[in-house]
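Coordinate analysis (summary)
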Amino acid sequence: MKTDDPASHAPSVVIAVGDVHAALGAVEQAGGTVAGPPQEIPGVGLYGSFHDTEGNRMSLLQPLPPAAA
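First, a word on what this report is: a plain description of the structure on this page. Sequence order sets the numbering: in each chain, residues are counted from 1 along the sequence as written. Confidence filtering applies because this is a predicted model: local features only for residues at pLDDT of at least 70, side-chain atom pairs given and counted only at 80 or more, and all residues used for totals across whole chains, interfaces and linings. Remark: hydrogens and water are excluded; side-chain values derive from all non-hydrogen atoms of the structure.

**Some thoughts on the side chain of S49**
Applicable threshold: Numbering of helices and strands runs from the N terminus, with a helix taken as a DSSP run of H or I at least four residues long and a strand as a DSSP run of E at least two residues long. Pairs of N or O atoms are called polar contacts if they sit within 3.5 Å, as long as, within protein, a hydrogen donor faces a hydrogen acceptor (for residues adjacent in sequence, only side-chain-to-side-chain pairs). Should any heavy atoms of two residues lie within 4.5 Å, those residues are counted as being in contact.
Secondary-structure assignment places S49 in strand 4 (residues 45–51). A distance of 3.4 Å separates polar atoms of two side chains, one belonging to S49 and the other to R57. With residues near it in sequence (within four places) discarded, S49 still touches L24, V34, A35, G36, R57, M58 and S59.

Encoded structure:
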């Protein structure tokens with residue numbers, strides 16, 4: 001949602017990963033900063049966000065496995 005905050009004017013990049021905790025650890029090892037602990041989105045998966053070494057905000061999503069039919 002676009003607001004008066006300039007940060008809301010940039011696109012939101014979300015990258016699907018198999019293990020959000022491991023991926024956030026790799027972000028920190030590469031010099032990025034984690035914005036906080038991963039949060040559960042019910043029915044969707046685990047979501048975490050970070051800032052890369054240039055200050056860009058990006059996010060990671062560890063989706064839940066598909067439900068068995």
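On we go.
**Side note on the nonpolar core**
Across soluble globular proteins, you tend to see nonpolar side chains buried next to one another. Put simply, the test is: Buried residues of nine kinds, namely Ala, Val, Leu, Ile, Met, Phe, Trp, Tyr and Cys, make up a nonpolar core once their side-chain atoms join them within 4.5 Å. Each residue is assigned to one of three classes by its accessible area relative to the maximum for its type, calculated with a 1.4 Å probe on protein chains only: buried under 20%, partly exposed between the two thresholds, exposed over 50%.
Judged by nonpolar contacts, V17, V20, A23, L24, V27, F50, M58 and L60 together constitute the single largest core of 8 residues. Looking at this core, the elements that each hand over two or more residues are helix 1 (20–29) and strand 5 (57–63). Not counting chain neighbours up to four residues away, the residues in contact with V17 comprise A23, L60, L61, Q62 and P63.

**A closer look at helix 1**
How we decide: Our arc is simply the arc of the directions from the helix axis toward the C-beta atoms.
Buried residues of helix 1: V20, A23, L24 and V27, and no others. Relative to the axis of helix 1, the buried residues are bounded by an arc of 100° and lie together on one face. Against strand 2 (33–34), strand 4 and strand 5 lie the buried residues of helix 1. By the N-cap criterion, in which a side-chain oxygen at the helix start approaches the backbone nitrogen of a residue two or three places on, helix 1 is capped by D19, the distance to H21 being 3.0 Å.

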